[in-house]
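Report on the structure
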Amino acid sequence: MSATQEIRFFNSMGRKLERFEPLEAGKVRLYACGPTVYNHPHIGNHRTFLFEDFLRRGLRFLGYEVEQVMNLTDIDDKTIRGAQQNGVSLDEFTATYVDSFFEDLDALHVERAEHYPRATEHLPEMIALVERLLERGYAYTSDGSVFFRIAADDDYGRLSGVDLDHVRRGERVAQDEYDKEDVRDFVLWKAAKEGEPTWDSPWGPGRPGWHLECSAMSMKYLGESFDLHCGGVDNMFPHHENEIAQSESATGKPFVHTWLHAEHLIVDGQKMSKSLGNQYTLKDLLARGAEPRALRYLFLATHYRQRLNFSFEALKAAGAALKRIDEMRFRLAHATETEAPHEDVEQAARRLTDDFTAAVADDLNSSAALGAVFQFVKEVNKAIEDGRLGHGDRQRAVDALARVDQVLGVLDPAAWQEAAGGHGDDEIERKVRERQEARERRDFAASDRLRDELQALGVLVEDTPQGPRWRRA
Ligand code: AMP
Ligand code: ZN
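Description of the structure in this document. (Residues numbered from 1 in each chain as written. Chains lettered and ligands numbered in written order. Predicted model: local features only at pLDDT ≥ 70, side-chain atom pairs only at ≥ 80, totals over all residues. Heavy atoms only, no water.)

Right, let's talk about the side chain of E213 for a bit. Take E213: it is sitting in helix α5 (residues 210-222). The residues contacting E213, other than those within four sequence positions of it, are T73, I75, A119, M126 and P208. (Helix = DSSP H or I, 4+ residues; strand = E, 2+ residues; numbered from the N terminus. Contact = heavy atoms within 4.5 Å.)

Put simply, helix α9 (residues 312-334) and helix α11 (residues 366-385) touch, their axes get as near as 10 Å, and they point 30 degrees apart. For the element pair α9 / α11, the angle class is roughly parallel. For the crossing formed where α9 meets α11, the hand is left-handed. In this structure, α9 uses A321, R324, I325, M328, R331 and L332 to contact α11, whose residues at the interface are V373, F374, F376, V377, V380, N381 and I384. In the contact of α9 with α11, the residues fall into 10 nonpolar, one polar and two charged. (Axes fitted to C-alpha atoms, helices over the stretch in contact; angles between N-to-C directions. Parallel < 35°, antiparallel > 145°, perpendicular 65-115°, else oblique. Left-handed = near helix turned anticlockwise from the far one by under 90°. Nonpolar A, V, L, I, M, F, W, Y, C, P; charged D, E, K, R; others polar.)

Moving on, we come to the sheet that holds strand β4 (residues 65-70). The sheet built from four strands is open, its strands ordered β4-β3-β9-β10 with parallel pairing. In this open sheet, the two edge strands, each paired with only one partner strand, are β4 and β10 (256-262). Ignoring strand direction, the axes of neighbouring strands in this sheet form an average angle of 20 degrees. Bridging between strand β3 (residues 27-32) and strand β9 (residues 226-232) involves three bridges; their strand directions are parallel. (Pairing = 2+ DSSP bridges.)

Our focus in this paragraph is the coordination of the zinc ion (ligand 2). The reference angle at a metal is 109.5 degrees if four donors form a tetrahedron and 90 or 180 degrees if six donors form an octahedron. Every protein donor of the zinc ion (ligand 2) is accounted for by C33 (SG), C214 (SG) and H239 (NE2), and the metal-donor separations fall at 2.0 to 2.2 Å. Between the donor residues of the zinc ion (ligand 2), the gaps in sequence give the motif C-x180-C-x24-H. Here C214 lies in helix α5 and C33 lies in the loop between β3 and α1 (43-61), a separation of 181 residues in the sequence. Like C214, C33 is buried. (Donors = N, O, S within 2.8 Å, 3.2 Å for Na, K, Ca; no water. Buried < 20%, exposed > 50% of the residue type's maximum accessible area, 1.4 Å probe, protein only.)

Let us now look at the site of ligand 1. Close to ligand 1 lie 16 residues; T36, G44, T48, D234 and L265 are nearest. Within the contact set of ligand 1, an oxygen atom lies 2.8 Å away from a side-chain nitrogen or oxygen of T36. Between ligand 1 and N235, the relevant distance is 2.9 Å, taken from an oxygen atom to a side-chain nitrogen or oxygen of the residue. Protein contact buries 88% of the 490 Å² of open area that ligand 1 shows by itself. Within the residue set of the shell around ligand 1, elements represented by two or more residues are α1 and β9. Ranked by the residues each element gives to the shell around ligand 1, the list is headed by α1, at four residues. In terms of residue class, the shell around ligand 1 is made up of five nonpolar, 10 polar and one charged. (Near = heavy atom within 4 Å. Polar contact = N/O pair within 3.5 Å; in protein donor to acceptor, adjacent residues only side chain to side chain. Areas by Shrake-Rupley, 256 points an atom, 1.4 Å probe, with all protein chains shown as cover.)

Right, dumping it as structure tokens:
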């Protein structure tokens with residue numbers, strides 16, 4: 001598809017919907033704040049990562065080339081504390097969680113970004129950025145640390161609208177463990193502390209502040225001005241505000257064109273927390289039998305700017321919704337195509353592509369995109385019921401779904417291609433066998449469910465002394 005559809009994004013900078021156009025025609029440069037690798041990612045983190053995946057896939061679907069960077073925060077108070085508590089090196093400590101992060105991405109079918117830079121591998125870039133800020137009078141040193149001078153930055157606070165004069169001096173800001181006690185200035189470089197890993201710098205041994213890491217790594221890979229920067233809403237202040245201050249003060253150029261922030265995920269109506277025991281990781285959910293694609297579906301069903309309330313019932317409902325799409329696959333495989341042509345499926349496929357494209361381009365309206373898929377399923381089912389599946393329609397329907405699944409990533413494309421061939425008897429025989437096995441172990445709930453599923457496919461099962469026999473109704 002060519003990049004002709006007008007895209008609108010809600011830019012957190014200015015808080016309004018805007019037409020989006022990349023700085024370079026046809027190519028989008030995108031930075032997403034990545035995980036702090038001190039723990040297994042929780043499902044809140046994954047909400048944000050999956051929103052970013054939808055953004056990436058959506059832009060590609062709309063015809064853009066995407067260059068995406070996601071950093072791995074491996075130097076920060078939490079990773080350092082973790083390494084100390086476990087008596088291992090920082091690299092050794094973070095390696096487990098870096099692996100865990102990538103395992104989760106694979107399980108969730110998240111498309112890989114082009115770059116995953118780590119803070120530990122970008123010290124020279126960070127030091128160079130601090131030097132530029134010192135040269136330009138935006139930073140000062142103090143006891144081996146370097147601080148950003150907020151008073152020198154006239155438009156600090158543009159993104160979040162924070163009014164620092166109202167933030168009392170000496171008050172700690174949000175959860176940022178790097179901010180100086182005096183909140184008006186924030187730390188760029190922290191002087192070495194006893195027992196902590198340190199790196200050499202012109203100001204003595206120490207380590208970078210978290211905000212600095214993202215400024216240095218984003219500009220290294222994407223240039224001093226780039227298109228999109230995203231994260232969860234908690235990143236907006238102070239993290240992104242400080243990134244803007246550092247980057248723009250150093251370069252004198254606009255840092256980022258459009259800022260996108262995903263609202264938080266909560267669990268059963270409550271904020272996730274260790275003490276409530278509701279801070280689930282993906283691994284926790286998988287251990288309880290969750291289907292990754294159902295989780296993807298659940299996340300997509302809520303627009304990224306709305307709070308997402310996770311519950312196990314909602315996850316179950318997401319799985320059931322996917323099943324409704326799967327059922328169409330079986331129907332399609334078993335339906336016969338007529339010799340005479342019909343326009344129903346072709347029209348439905350065109351509508352799906354149009355509506356889906358419009359939804360993605362409308363500030364990533366993932367719930368409307370799913371709505372378009374369900375409309376399509378309804379229309380194809382109707383065509384099957386009415387005997388209006390024309391020659392080639394099976395493949396046409398499958399192709400239309402496969403196209404939108406490039407963005408959704410919740411269907412099983414290989415299984416659909418099989419359905420397009422119209423060989424569905426294996427599936428029926430498997431279900432008949434499973435029903436028989438369920439009956440033999442007297443699991444009547446399962447056998448009734450399977451009978452209903454078979455009925456939905458237009459298959460009747462008869463139990464004979466020789467075993468079950470099936471035929472099409
Ligand atoms: P962290 O590993 O804490 O640096 O967070 C990684 C990403 O997850 C950041 O973009 C955060 O904004 C995001 N995030 C953290 N908590 C949540 C949550 N409850 N819901 C959605 N996103 C979150
Ligand atoms: Zn960041």
